[in-house]
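Each chain, written out:
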Amino acid sequence: MQKRIIIMGAAGRDFHNFNVFFRSNRDFRVAGFTAAQIPGIQCRIYPPELAGEAYPEGIPIFAEDDLPRLIRELKVGQVFFAYSDISNQEVMRKASVVLSCGADFSLLGCESTMLEARVLVISVCAVRTGAGKSQTSRQIVRILRARGLRVVVVRHPMPYGDLKRQIVQRFASRQDLDDGRCTIEEREEYEPHVDAGSVVYAGADYVRVLREAEREADVIVWDGGNNDLPFFKPSLHVVVVDPHRAGDELTYYPSEVNLRLADVVVVNKVDTADPSKVEAVKANVKSVNPDALVLDAASPITVDDPELVRGKRVLVVEDGPTVTHGNMKFGAATLAAKKFGAREIVDPWPYAVGSIWDTFMQYPHLGRVLPAVGYSEEQVADLKETIDAIPCDVVLVGTPVDLRRIISLNKPVVRVRYELVVFGPVSLEKVLEDFLEEEKTGKVDGKVEGTINSKVIKEKRPLSRGPPSEDVLGEMRRKRGS
């Protein structure tokens, strides 16, 4: 008999795990998904076009708060947890809810979920949202393209809209972003790559995304989301850690998994973090992955026009995910306000309306920052109304997206920019040069001092070759029966 299950997710990892492990797996029947973290993504249907022949009417997506009722009413025997950037303690609280309802609580690992690419894959992941994946990915892309390689960026999924329109997405221009009806959160990740001349793939079915991306790439750069693991088996796995949140690398899920799998660990923000926390992070890295190459790095902040900030009353608008479920009380715009001499950071709380007020209520740790949330047209309208009502001289925007292209504001806007600078012990260019040379020659003849050990890359972890074949599944069933 098939075991009836629910997949707990947030419109990303949950769909991927279904596609590669459950869609054709006759041992399980997916009774539904639950949705969390992102507003408005529940009460949808995972469409038949994605769900496959076994689910001709699609699969319903429920609110996670309904999980106890769903386990009872849908006769669910097992719940699979499938989203990221959540504390280990909170994962076990959710497990306790599931177990108390009589169902099993499970997680899928790398072997079951990572796809094998036909080209090199360099993955950039992190231990928390907002650690600095985006600027690290952009830097890696620039280095690879300078060597004459065709590089395609594949971004962790953000299919928050019409899933049938988002099965495979390809963005090569700002017009593509407009045509794709991208949310602010999507634009934050796609737009900087597109502006730099890169092609970005995303979507809801990463088996199909991978096949399309491979057609035009020598190297795929996986640009991760939250602190999740890559969907593709990496040839080189780069993980960014954040000393502003020292300790989270060992206490958030799946942060420690990423850390243990890392070939290269980038300790970002060493110029703005407490030196003792920088050392604490490095000690934690060494405790779980002593073979990883650790690089010190920073993301220096610049603004379009410092004179528009100096001595002014500023509204700070930060990258939404970083300061919401990323739990940061501030971001790049706050640091820019202090660096360039703003007279005052205006408190946005009294002026918040609608869904923006709801966001403040959901994330009470937020200080004098306005998260650039915009998961729907209604939320974008609430964001505009909130900004327009705030008495300030200038809006200081720390999100990577150009808000002026999305909403018309009644105040001057100054954009904050940041790019990765690696201090050492070796350059990122040297790391990638040695990696490419080793991949080209297939050398595994020992460690090159200060760079990557190709033997470690190739041998330290036997990761996935894609979803289980029918032969493998048959063998698994035979063993279970015996």
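Up top is the structure these notes are about.
Quantities reported herein were computed from a predicted structural model and do not represent experimental measurements.

*Asks:* Got a minute to help me understand the overall build of the chain in this structure?
*Replies:* On a plain count of helices and strands, the chain comes out with 19 helices and 23 strands. Overall size of the chain, expressed as C-alpha extent along the three principal axes, is 75 × 60 × 40 Å. Across the 482 residues that make up the chain, the buried fraction comes to 58%. By sequence separation, contacts in the chain at least 24 residues apart represent 78% of the contacts at least 6 residues apart. As presented, the chain carries roughly 19,300 Å² of accessible surface, and 50% of it is formed by carbon and sulfur atoms. Between the averaged position of the 64 positive side-chain charges in the chain and that of its 69 negative side-chain charges there is a distance of 2 Å.

*Asks:* Any chance you could explain the pattern of salt bridges here in plain terms?
*Replies:* Pairing is possible between side chains of opposite charge, provided their charged atoms come close. A complete count under the given rule lists 35 salt bridges for this structure. Residues Lys3 and Asp104 are paired through a salt bridge, measuring 2.9 Å at the closest nitrogen-oxygen approach. Of this pair, Lys3 sits in strand β1 (residues 3-9) while Asp104 is found in strand β7 (residues 104-106), placing the two residues 101 residues apart along the sequence. Given a relative accessible area of 31%, Lys3 falls into the partly exposed group. For Arg245, the salt bridge identified is with Asp242, shortest N-O distance 2.8 Å. Given the relative accessible area of 7%, Arg245 is considered buried. Judged by its relative accessible area of 1%, Asp242 is buried. Linked through salt bridges whose partners overlap, the residues forming this network are Arg174, Asp178, Arg187, Glu191, Asp195 and Arg405.

*Asks:* Please explain the pairing of strand β16 (residues 293-298) as it appears in this structure.
*Replies:* The two faces of the sheet receive side chains in turn, since in a regular strand these alternate between them. Pairing geometry for strand β15 (residues 264-267) and β16, over four bridges, is parallel. Counted as the bridge partner of Val265 is Val294 from β16. Crossover β15 to β16 through helix α12 (residues 275-288) is right-handed.

*Asks:* It is not clear to me how the packing of aromatic side chains should be interpreted in this structure. Could you clarify?
*Replies:* Note on aromatic pairs: each is described by the distance of the centres and the angle between the planes. Throughout the structure, instances matching the rule amount to 23 aromatic pairs. Seen from their ring centres, Tyr206 and Phe231 are 5.3 Å apart, and the 85 degrees between their planes marks the pair as edge-to-face. Here Phe231 lies in the loop between β12 (219-223) and β13 (236-241) and Tyr206 lies in helix α9 (residues 206-214), a separation of 25 residues in the sequence. The two residues Tyr206 and Phe231 agree in class, both being buried. Put simply, the rings of Phe15, Phe18, Phe33, Tyr46 and Tyr55 touch in pairs and so form one group of aromatic residues. Sitting over the face of the ring of Tyr252, Arg128 holds its NZ or CZ atom 3.7 Å from the ring centroid.

*Asks:* Could you clarify how one ought to interpret the side chain of Ser137 in this entry?
*Replies:* Positionally, Ser137 belongs in helix α6 (residues 133-146). A polar contact of 3.3 Å, which involves the side chain of Ser137, links it to the side chain of Asp223.

*Asks:* Could you clarify how one ought to interpret the sheet that holds β1 in this entry?
*Replies:* Paired through backbone hydrogen bonds, the strands of a sheet run either parallel or antiparallel to each other. Reading across from one edge, β3-β4-β2-β1-β5-β7 is the order of the six strands in this open sheet, with mixed pairing throughout. Edge strands, defined here as strands with exactly one partner in the open sheet, are β3 (44-46) and β7. If you compare each strand with its neighbour and ignore which way they point, the axes differ by 30 degrees on average. Two strands pair when backbone bridges link them, and β1 and strand β5 (residues 78-81) are joined in this way by four bridges, in the parallel orientation. Across the sheet, Ile5 pairs through a bridge with Gln78, a residue of β5. Helix-sheet contacts for helix α4 (residues 88-100) involve β1, β5 and β7, and the interaxial angle to β7 is about 150 degrees.

*Asks:* Help me understand the sheet that holds β13, please; the structure alone is not making it clear to me.
*Replies:* Pairing within the open sheet is mixed, and its nine strands lie in the order β10-β11-β9-β12-β8-β13-β15-β16-β23. Both outer strands of the open sheet, β10 (168-171) and β23 (421-424), are each paired with one neighbouring strand and no more. Strand after strand, the sheet turns through a mean of 25 degrees between neighbouring axes, direction not considered. Sheet topology places β16 next to β23; three bridges connect them, and they run antiparallel. Note on β23: the bridge partner recorded for Ala298 is Val421.

*Asks:* Whenever I open this one, unusual backbone geometry confuses me. Can you help?
*Replies:* With glycine set apart, most residues show a phi of negative sign, and most peptide bonds adopt trans. In this model, Tyr253 is joined to Pro254 through a cis peptide bond whose omega is -5 degrees. Relative to the helices and strands, Pro254 is located in the loop between β14 (252-253) and α11 (255-261). Cis rather than trans, the peptide bond between Gly424 and Pro425 has omega equal to 15 degrees. With a phi angle near 70 degrees, Gln37 is a residue other than glycine that sits in the positive phi range. By the secondary structure assignment, Gln37 is in the loop between β2 (28-35) and β3. You can call Gln37 buried: its relative accessible area is 18%. Unusually for a residue other than glycine, Lys269 sits at a positive phi of about 65 degrees.

*Asks:* Explanation requested: the side chain of Asn258 in the structure shown.
*Replies:* Residue placement: Asn258 occurs in helix α11. A relative accessible area of 0% places Asn258 in the buried class. When sequence neighbours within four positions are dropped, the list of residues in contact with Asn258 reads Cys125, Ala126, Asn227, Asp228, Leu229, Pro230, His237 and Val239.

*Asks:* Help me understand the pairing of β5, please; the structure alone is not making it clear to me.
*Replies:* Burial along β5 is two-sided: Gln78 and Phe80 facing one way and Val79 and Phe81 facing the other are all buried. Bridge analysis of β5 against β7 gives three bridges, and the strand direction is parallel. Looking at β7, one finds that Gln78 is bridged to Asp104.

*Asks:* In this structure, what is going on with the state of the cysteines? I would like to understand it.
*Replies:* What is meant by a disulfide is a covalent connection between two cysteines, made through their sulfur atoms. In this structure the tally under the stated criterion is zero disulfides. This cysteine, Cys43, is not joined by any disulfide, and Cys101 carries the nearest cysteine sulfur, 20 Å off. The structure places no disulfide on Cys125, whose sulfur is separated from the nearest cysteine sulfur, that of Cys110, by 10 Å. For Cys125, a relative accessible area of 0% puts it in the buried group.

Procedures and definitions
Residues numbered from 1 in each chain as written. Predicted model: local features only at pLDDT ≥ 70, side-chain atom pairs only at ≥ 80, totals over all residues. Heavy atoms only, no water. Helix = DSSP H or I, 4+ residues; strand = E, 2+ residues; numbered from the N terminus. Buried < 20%, exposed > 50% of the residue type's maximum accessible area, 1.4 Å probe, protein only. Contact = heavy atoms within 4.5 Å. Areas by Shrake-Rupley, 256 points an atom, 1.4 Å probe, with all protein chains shown as cover. Lys, Arg positive; Asp, Glu negative; His and termini not counted. Charge placed at Lys NZ, Arg CZ, Asp CG, Glu CD. Salt bridge = Lys/Arg side-chain N within 4 Å of Asp/Glu carboxyl O. Pairing = 2+ DSSP bridges. Right-handed = clockwise from strand over helix to strand, strands pointing away. Phe/Tyr/Trp six-rings, centres within 6.5 Å; stacked < 30°, edge-to-face > 60°. Lys NZ or Arg CZ within 6 Å of the ring centre and 35° of its normal. Polar contact = N/O pair within 3.5 Å; in protein donor to acceptor, adjacent residues only side chain to side chain. Axes fitted to C-alpha atoms, helices over the stretch in contact; angles between N-to-C directions. Disulfide = S-S within 2.5 Å.

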